[in-house]
Structures are given as C-alpha cells and as structure tokens.
Amino acid sequence: MTPSLLREAPWYEQAFDRRYLRIYPHRDDTEAERNADNLQSWLGVRSGQRVLDVACGEGRYARALARRGLRVTGFDLSAELLEDARAKSRLLPGAPLFFRGDIRRIPFAGQFEGAMSMFTSFGYFESRAEDLSVFRGIARALVPGGRLVVDFLNASQVRSTLVESETQDQPTLRVETTRWIDEDAADGPRVCKRVEGFDHASGSRVLEVEERVRLYTGDEIDALLADGGLSTVDEPMGDLDGNPYDALSPRYVRIAEKPRS
C-alpha cells in the first residue's frame, strides 16, 4: 500500500480547488451538455422545477440543466470552485444558486423535485455512517416522488482495469498519476489516487493531489440508498448514455426515488 503524503486535513478539503480543474480539463461544460438531456429525463423534471446538485464543483451540470429551464441549486464545500461556478453561471437565464456547505449536513427540506450526484462525488468520508448521512440528507431535501441520479464508479471495473501508474501530457502540465487499492481501510476498501502535475515550461511540480474513495459495489450503493430512505428505480446503468450495467461498465448509474407516502 502506498502511504499518504497529505496529512494536514481530510483529502477532500484539499483536493477540490482550481487545481482540480487542471487535472480534469475534460470534465467541462461540453461533457455536461452531452449528458444533460438523459439526466433530465431520468430525473423526470420539467422546466421550472427545482434540482439540487450535490457536490456541484464549478457547476457544469447545474448550468446544463439551467439552460433547459430548471431551477438549480448547487451545494459544495469548495469556496474556490463555488466562486468559479457563480462567475460562469451569472449570465444564464434563471442563473443557478450556489451555497457552500458539507454534504453530510444538507440544509434543505422538501424543496426539490430532483437531485444529482455526478462523477463519483460520494464515498469520501471516514465511515459508512457518514456516507449514509449524504443520502439521508438528499432524501430530506426531495419532495415525495422526487428523484436522485447517482453517477458512481464501477468497483468491479476499477479492480479489473486499475492502471498503477501513468503519465499524460496536457496543454500546460505533465500529469503523473499513481493508483492503488487500500484493502485495509476502515469500513471497507478504498481506491486511492495520487496526482502530481509538472509545469511544461519550468519542469517544477506545481500541484499534488490525493484522492481516496470507498470502493462501494453496486449492491452496497443500493443498500445505502434504501437505508437513506430512497427506493431504486428500474435497473442500474453502466454509463451516462444509459447502456445496461455489467461488470466491465465504466460507471454505476442509479436512479432512486423518495417514496410518495
């Protein structure tokens, strides 16, 4: 197991700032636009209805749904990414609202017809109980009959295709990534990733980020949704195109609903 280099604070308090946007430049408005129609359909929401974007980051999905006439609220811990979200969304008709807070303590109740958790924005915390609190908070925030879409990693695919190290050249950075699975982590295994970025011009290291995500299986995600007060809908999907899920699918995408009574 590779030891962590980052000790000052939980990794998710350090990783999600503007450096994150440099590491994942492809996670952009174009990607969100490509997936937004499916997302709206799965949520069952129409223009004028309210959607909560949980761990919204810099708001690419919030903007995509706002362009479709939805009233979107983004909620995230990162002050830097929320600052960018507000700046990028300001000129949209019905501009999304963005609030800063911890997704373990979602402060809304009975306000949203839909909610979304995109690009593995879940499974970060020390205990499963803390992860469960996220789904319970989402359930509280939804109206009866409101739906959640969860876009999570596929644990079996991660295990079978894990690349332990790789280097990628991006426009301004050489990105070196190291991955491993911590089988001895509390409350279940985690997939871990350390990313270091080196400036092309100077060769100096300009960023270092570590991520640690609990390696939930699909069945475990379904159980957490049920314990959180949400009922799964239809079959799981293997990507945001809606293809059927199997052991080698790139994602685990689940629709869940708050019971009507």
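See above for the structure.
From a predicted model like this one, the values you see are computed outputs, not experimental measurements.

On inspection of all chains with the given rule, the structure shows 24 salt bridges. Ionic pairing is found between R67 and D29, a salt bridge with its closest N-O pair at 3.3 Å. Taken together, the residues span a long stretch of sequence, with R67 in the loop between α4 (60-66) and β2 (71-76) and D29 in helix α3 (residues 29-43) at a distance of 38 residues. The partner of R254 in a salt bridge is D222, and the shortest N-O contact between them spans 3.0 Å. With R254 in strand β11 (residues 251-257) and D222 in helix α8 (residues 218-227), this pair connects stretches of sequence that are 32 residues apart. There is no split in this pair, since R254 and D222 are both buried.

Strand order across the open sheet formed by four strands is β6-β7-β8-β9, with antiparallel pairing between neighbours. Two strands lie at the open edges of the sheet, namely β6 (165-169) and β9 (205-214), each paired on one side alone. Neighbour-to-neighbour, the strand axes of this sheet turn through a mean angle of 15°, independent of strand direction. Sheet topology places strand β7 (residues 173-182) next to strand β8 (residues 190-199); ten bridges connect them, and they run antiparallel. Bridging across to β8, R174 finds its partner in F198.

What follows is about the packing of aromatic side chains. Evaluated as defined, the whole model comprises twelve aromatic pairs. Aromatic pair F152 and Y216: ring centres 6.3 Å apart, planes at 50°, arrangement tilted. Of this pair, F152 sits in strand β5 (residues 142-153) while Y216 is found in the loop between β9 and α8, placing the two residues 64 residues apart along the sequence. The exposure classification of F152 matches that of Y216, with both residues buried.

Let us look at the sheet that holds strand β1 (residues 50-54). Sheets are built from strands paired through backbone hydrogen bonds, the pairs being either parallel or antiparallel. Spatially, seven strands are ordered β3-β2-β1-β4-β5-β11-β10 in an open sheet, and the strand pairing comes out mixed. Where the open sheet ends on each side, the last strands, each with one partner, are β3 (97-100) and β10 (231-237). Going from strand to strand, the sheet's axes swing by 20° on average, the running direction of each strand aside. Judged from the four bridges that link them, β10 and β11 form a sheet pairing that is antiparallel. Considered in β11, the bridge of T232 is made with A256. The strands touched by helix α6 (residues 128-141) are β1, β4 (112-117) and β5; relative to β5, the strand with the most contacts, the crossing angle is about 145°.

One finds L52 and I138 to be the most contacted residues of the largest nonpolar core, which totals 46 residues. Considering every element that reaches this core, the biggest residue donor is α6, with six residues. Apart from residues no more than four positions distant in its own chain, I138 is found in contact with V54, I106, A115 and L148. In terms of nonpolar packing, the next biggest core, distinct from the first, is built from 27 residues, A32, C56, V72 and L92 among them.

Further remarks concern the side chain of T120. Within the element layout of this structure, T120 appears in the loop between β4 and α6. When near neighbours in sequence (up to four residues on either side) are disregarded, T120 contacts D151, F152, L153, V213 and R251.

Conventions used here
- Residues numbered from 1 in each chain as written.
- Predicted model: local features only at pLDDT ≥ 70, side-chain atom pairs only at ≥ 80, totals over all residues.
- Heavy atoms only, no water.
- Salt bridge = Lys/Arg side-chain N within 4 Å of Asp/Glu carboxyl O.
- Helix = DSSP H or I, 4+ residues; strand = E, 2+ residues; numbered from the N terminus.
- Buried < 20%, exposed > 50% of the residue type's maximum accessible area, 1.4 Å probe, protein only.
- Pairing = 2+ DSSP bridges.
- Axes fitted to C-alpha atoms, helices over the stretch in contact; angles between N-to-C directions.
- Phe/Tyr/Trp six-rings, centres within 6.5 Å; stacked < 30°, edge-to-face > 60°.
- Contact = heavy atoms within 4.5 Å.
- Core = buried A, V, L, I, M, F, W, Y, C linked by side-chain atoms within 4.5 Å.

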